[in-house]
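Chain by chain, the residues:
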Amino acid sequence: MPEKVYKKFGEEATSAESQKPDIKVEEKQRPSEKSSGLNGTALANGLKRSQDGNPKQSRTSSPQNSTSQINKPEKRKEHADHDDNGRARKSPKLNGVENKRMQEQTGSRPQFENKSNSHVGDRPQYQGPSRKDLERNAAVLDKTRRKLPVWLKKMDIRWGLRHHDILLLNGETGSGKSTQVPQFLYTEPWCVRQPVVIEKEDGRKEEAKVGGMIAITQPRRIAAITLAQRVAAEMGQPLNKASIKKEPGTVGYSVRFDSMVPKDAKIKFVTEGILLQEMLSDPHLTRYSAVIVDEVHERSMDVDLILGFLRNIVHGDLKGRGGVPLKVIIMSATLDKGGIEAFFAKPGTQPGYVLGHSYGKVLATDLPEDAVKENTEEKFNPKPPHMKKQIGNAKRTTNGKPEKMDDSRRSSLDSEYSSWSGFSETAEDTSKITNEDKISNVAKHTMTNGVDTKADVGTPLDQAGISRGVVSPNGVAYEYIRGRQHEVQTLCEVQPVQDYQHAMLQTILQLHTSEPLPGDVLAFLTGQDEIESLQVELEKYSAMLTANVPKMEVKPLHGSLSPEAQQDAFVKVQKKFTRKVVLATNIAETSLTVAGVRYVVDCGKAKVKQYRPHLGMESLLIKPISKVSAIQRAGRAGREAKGKCIRIYTNAEYLKMDQDELPEIMRCNVIEAVLKMKARGVEDVLTFPLMDSPDVMYMEKALNHLYAMDALDENGSLTKVGKQMAKFPLPATHGRVLIAAADSSADCLLEVIDILACLNTDNEIFLQPKSEEQNETMNENRSDIYRREGDLITLLTTMQRYAAENTNRNDWCQKHLVSVRAMKLACTIRKQLRQICLNEKLLSEQPPADPQPFEPITPDKASVVMKTFLKAFIKETAILGPDGSYKTTAGKESIHIHPSSVLYGKKLEAIMFLQHVFTTKNYAKKVSAIQADWIAEQYGL
Ligand SMILES: Nc1ncnc2c1ncn2[C@@H]1O[C@H](COP(=O)(O)OP(=O)(O)OP(=O)(O)O)[C@@H](O)[C@H]1O
């Protein structure tokens, strides 16, 4: 009987709890546990017994040993909301089908089915819910929406933007910024398409329509897609390929190589790169009334450029927009108001922006450090639940309203509010108020330079029913959203952890065997390799779990997966009595709500791209994360219910973390940034307004590199080549290779497109064998694609063989251990690149459709292809020294061929590599065998 199964699990969990799995004590055991396998309480609780039938007795089982514990699960409550198998009970108002459809629409399932033979981009027919179901679902979601803390600020946000063009919005993770703010704004009177006369750069006047849409940028495509799906669901609208052709819709998304925007869309989620791309053809962003820059704290290179361009638009003469202002909303959970306010303040007002001054180098300067202390105290001295309530209540004024803030730069992890869920009560109260006018009477705070500029209660309404406040003289409005809907309890280690990967494994198993269902786990690791090996380990242990412990479904989530594979991590587990464990990189750190997740496990590290001047190239380095990242990661728990975040590092380590990541523009090669500025008409890149200006030396290096690639002329102006490079949705170097390949002297454009398509899937084409046996079979089967010229020509051969396959491409992929998803995405990119080359007249005619008979590339042609790549990757070359090691030509650094390369272990005269990683040593990836005299030729020696 299902009931028994759950009870058993409940009982088991209770006994586990009585043994109190203790992170602190377990940590002390970790080094020895590693050699003998896992034998902690968690495993004794759930793993099948050893041959003698007895699980090993854990030293953590003694309550006296416990000084810190994972809190006791609230089983009764869980039982009330969930059926006996630990699954959510059906909503009484919805039948089974509707319930399932509702899940589909809330983003917890992908909105399309995967058909094995369909290509990415050619999405299969959508089998979605009916309009009626969507509306009913939206009505259900509406109740949840109204409980989000951001709803308390709805009228302030509207008011702020009626009276200012810039709004800074700082709100705790999960407070509802990304999903709600665009919905608050798209009906505003300023958000309309209006006929105007615009003045072109050359002085010509033209009638045009301006505005009507809101763009909301996201640092990553997965966030843009899932947020658009969620907002569509909240609006009761479908968002799929079939619907956008037939039905009007309010919301859509546009990301690299994928776009779904209904005809009359008013809200468009875009990646930062896409907005910059749009600025190429529409520098004044005339289709938009507002741009919302979300997750600004990430400070990607693209977001810094966007901020600069937006500043130029709002403080410019607006002639290119026919005088229509552009509203700009800057949002984050960890936003430092000071720097951004100065950056956007009207010229001549205070605080003012001075070019070259670093305003945003350190964001969120006021993260209160005792926030963590408070949370760790909960771990060391667990407080009874009523105490937690007291923490929250203590911060209320006697009239029950939130206490006034006295610091305009307060960050989201405010020690007094962060782990307190009391705010949801306020929000719940508000949800009962349906009349928006009444909401305007809820306490309001607009902080300008630390001064509360609005009345607390009973603010009078203006004619439009919007409450009045004080207009900020510098033109920048600010709103702070306190609280989140659900509490997140943060726990951390007592002793530093030696082997964080092993500690992650232990902690996840401990959570899995001791915490009740429902409650999925989201674990943050540094990269694909770590994720894959932890997945193997977890699956191994999962297979050993006894029947009374839930099953575990492990899902990877990283940038190298195709969009479809990434979506898998968001799908709610369908199997009964199963917990989902998502293993993610920092791709899941901001913006995302992974349905079902209540527990976050944070390793405290991330792989970051960093320019290393002595190497003359960028490397991926594993580094401790910043406090801001730690806060964002914790914010992924507790989005649908109370949550926990377990940090695999100590509080002391947290306190030592940098406040924030150095902005990408300060630590990476700025060649992309310089090309983007030039292509959007910035002549003098050194005077372009940037929040943080990189070292002039780096700017000059980038200018020189572009000049060497013929993208700039001697005056620093963009050449025809440079203009074409900027049009490709590719890195500058890849764009240059494409153009070189189209040259009649090379004539290898189709081959180069095939290679670039494979390289730009962000997705490893070749899967890793999971056993020695599989490795042997794989090597045998791949003999028809492996090429001695190296990885580039091997990728070309793979694409050509795949495209020639006319029986079953999936079987072919399986045989060659090639990722089907990556190949499908590569085909989409190949199609798009061919189209752009046709438009740019680099290609004279449409190539014949697949399948075409396979013809292996000749060694001569392969040399031409590699020389074409050398045009952009001359600095990424190395020569074999007499000692048998490779030395880079640019920095004379030692470098090794990465094990993932087909040339691994080979001693070659010279190599060219497209990627560089540093783990234990410098590794070259995507390696080709070249000749030393090609390098000399390219250097002009
Ligand atoms: N795809 C989704 N599936 C289920 N619930 C969702 C989804 N997206 C959002 N939500 C719900 O809406 C809430 C608010 O999400 P939203 O992304 O708007 O918050 P936010 O303030 O932007 O958070 P963050 O700063 O972390 O990005 C979430 O906490 C969650 O309860």
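Residues numbered from 1 in each chain as written. Predicted model: local features only at pLDDT ≥ 70, side-chain atom pairs only at ≥ 80, totals over all residues. Heavy atoms only, no water.

Enquirer: Could you clarify how one ought to interpret a negative patch on the surface in this entry?
Expert: Taken together, the side chains of Glu 772, Glu 773, Glu 776 and Glu 780 define an acidic patch exposed on the protein surface. For Glu 773, the location among the structural elements is in helix α29 (residues 772-781). (Patch = residues over 30% accessible without salt bridge, like charges linked within 9 Å, V, L, I, M, F, W, Y side chains within 5 Å. Areas by Shrake-Rupley, 256 points an atom, 1.4 Å probe, with all protein chains shown as cover. Salt bridge = Lys/Arg side-chain N within 4 Å of Asp/Glu carboxyl O. Lys, Arg positive; Asp, Glu negative; His and termini not counted. Charge placed at Lys NZ, Arg CZ, Asp CG, Glu CD. Helix = DSSP H or I, 4+ residues; strand = E, 2+ residues; numbered from the N terminus.)

Enquirer: Can you help me understand the pattern of salt bridges in this one?
Expert: Two side chains bearing opposite charge may form a pair once their charged atoms approach each other closely. For the structure shown, the criterion picks out 31 salt bridges. With a closest N to O distance of 3.1 Å, Lys 327 and Asp 165 form a salt bridge. Of this pair, Lys 327 sits in strand β9 (residues 327-332) while Asp 165 sits in the loop between α7 (154-163) and β1 (166-171), placing them 162 residues apart in sequence. Take Asp 165: its relative accessible area is 26%, and that puts it in the partly exposed class. A salt bridge links Asp 304 to Arg 299; the nearest nitrogen and oxygen atoms lie 2.6 Å apart. The burial state of Asp 304 is the same as that of Arg 299; both residues are buried. Each of the salt bridges in this network shares a partner with another, and the network as a whole consists of Asp 142, Arg 145, Arg 146, Arg 230 and Glu 234. (Buried < 20%, exposed > 50% of the residue type's maximum accessible area, 1.4 Å probe, protein only.)

Enquirer: Help me understand the packing of helix α33 (residues 859-873) against helix α34 (residues 932-939), please; the structure alone is not making it clear to me.
Expert: Packed helices, taken two at a time, are described by the angle between their axes plus the distance between the axes. Orientation of α33 relative to α34, taken along the N-to-C sense of each, is 45 degrees, at an axis distance of 11 Å. Between α33 and α34, the angle is such that the two are oblique. For the element pair α33 and α34, the recorded crossing hand is right-handed. Across from Ser 863, Met 866, Lys 867, Leu 870 and Lys 871 in α33, the residues of α34 making contact are Trp 934, Ile 935, Glu 937 and Gln 938. (Axes fitted to C-alpha atoms, helices over the stretch in contact; angles between N-to-C directions. Parallel < 35°, antiparallel > 145°, perpendicular 65-115°, else oblique. Left-handed = near helix turned anticlockwise from the far one by under 90°. Contact = heavy atoms within 4.5 Å.)

Enquirer: Looking at this model, I keep getting lost on unusual backbone geometry. Mind explaining?
Expert: Glycine aside, residues mostly have negative phi, and peptide bonds are mostly found in the trans state. Note the cis peptide between Leu 517 and Pro 518, where omega equals -5 degrees. With omega at -5 degrees, the peptide bond leading from Asp 850 into Pro 851 counts as cis. Relative to the elements of secondary structure, Pro 851 occurs in the loop between α32 (820-839) and α33. Phi at Asp 747 is positive, roughly 50 degrees, even though this residue is not glycine. Accessibility expressed as a relative area gives 53% for Asp 747, which makes it exposed. Phi at Leu 817 is positive, roughly 50 degrees, even though this residue is not glycine. Position of Leu 817 relative to the elements: it lies in the loop between α31 (809-816) and α32. Overall, Leu 817 belongs to the buried group, its relative accessible area being 12%.

Enquirer: Explain the packing of aromatic side chains to me, please; I cannot follow it from the model alone.
Expert: To describe a pair of aromatic rings, one takes the distance between the centres and the angle between the planes. Taken as a whole and assessed by the stated rule, the structure comprises six aromatic pairs. When the ring of Phe 309 is compared with that of Phe 688, the centres are 4.8 Å apart and the planes differ by 55 degrees; the resulting orientation is tilted. Remark: Phe 688 occurs in the loop between α24 (671-679) and α25 (696-708) and Phe 309 occurs in helix α12 (residues 301-314); sequence separation between them is 379 residues. Both residues of the pair, Phe 309 and Phe 688, belong to the buried class. Grouped by ring-pair contacts, the aromatic residues Phe 343, Phe 344 and Tyr 353 constitute a single cluster. Note that Arg 801 overlies the ring of Phe 854, its terminal NZ or CZ placed 3.9 Å from the centroid. (Phe/Tyr/Trp six-rings, centres within 6.5 Å; stacked < 30°, edge-to-face > 60°. Lys NZ or Arg CZ within 6 Å of the ring centre and 35° of its normal.)

Enquirer: Can you walk me through the packing of helix α30 (residues 791-804) against α31 in this structure?
Expert: Running from N to C, α30 and α31 cross one another at 145 degrees; their axes reach a closest spacing of 9 Å. Regarding α30 and α31, the two cross each other, and that crossing is right-handed. Facing Thr 798, Arg 801, Tyr 802 and Ala 803 of α30, the residues of α31 in contact are Arg 809, Trp 812 and Cys 813. A per-class count over the contact of α30 with α31 returns four nonpolar, one polar and two charged. (Nonpolar A, V, L, I, M, F, W, Y, C, P; charged D, E, K, R; others polar.)

Enquirer: Quick question: what am I supposed to make of the UniProt feature "domain: Helicase ATP-binding" (unreviewed entry) in the protein here?
Expert: Per the UniProt record, "domain: Helicase ATP-binding" (unreviewed entry) is found at residues 158-353. The distance from the first to the last C-alpha atom of residues 158-353 is 26 Å, and the span holds 34% helix and 25% strand. (UniProt positions renumbered as here; feature names shortened; annotations may be inferred.)

Enquirer: Would you take a moment to explain the domain arrangement of the protein for this structure?
Expert: Many descriptions give the size of an interface as the accessible area lost when the pieces come together. For the protein, the assigned domains are domain 1 (23-107 + 485-662), domain 2 (163-171 + 357-482) and domain 3 (696-938). Of the residues lining the interface, 20 residues belong to domain 1; the matching set on domain 3 comes to 18 residues. Roughly 1,600 Å² is buried in total at the junction of domain 1 and domain 3, and carbon and sulfur atoms are behind 56% of that figure. Put simply, Asp 568 and Arg 821 hold a salt bridge, and the shortest N to O gap is 3.0 Å. Across the domain 1-domain 3 interface, the total number found is one residue pair in polar contact (both at pLDDT 80 or more). Elements with a minimum of two residues in the side of domain 1 that touches domain 3: α19 (528-543), α20 (563-568), β18 (605-612) and β19 (617-624). The leading source of residues in the side of domain 1 that touches domain 3 is β19, at five residues. (Domains from an automatic or database assignment. Buried area = accessible area lost by both parts, 1.4 Å probe. Polar contact = N/O pair within 3.5 Å; in protein donor to acceptor, adjacent residues only side chain to side chain.)

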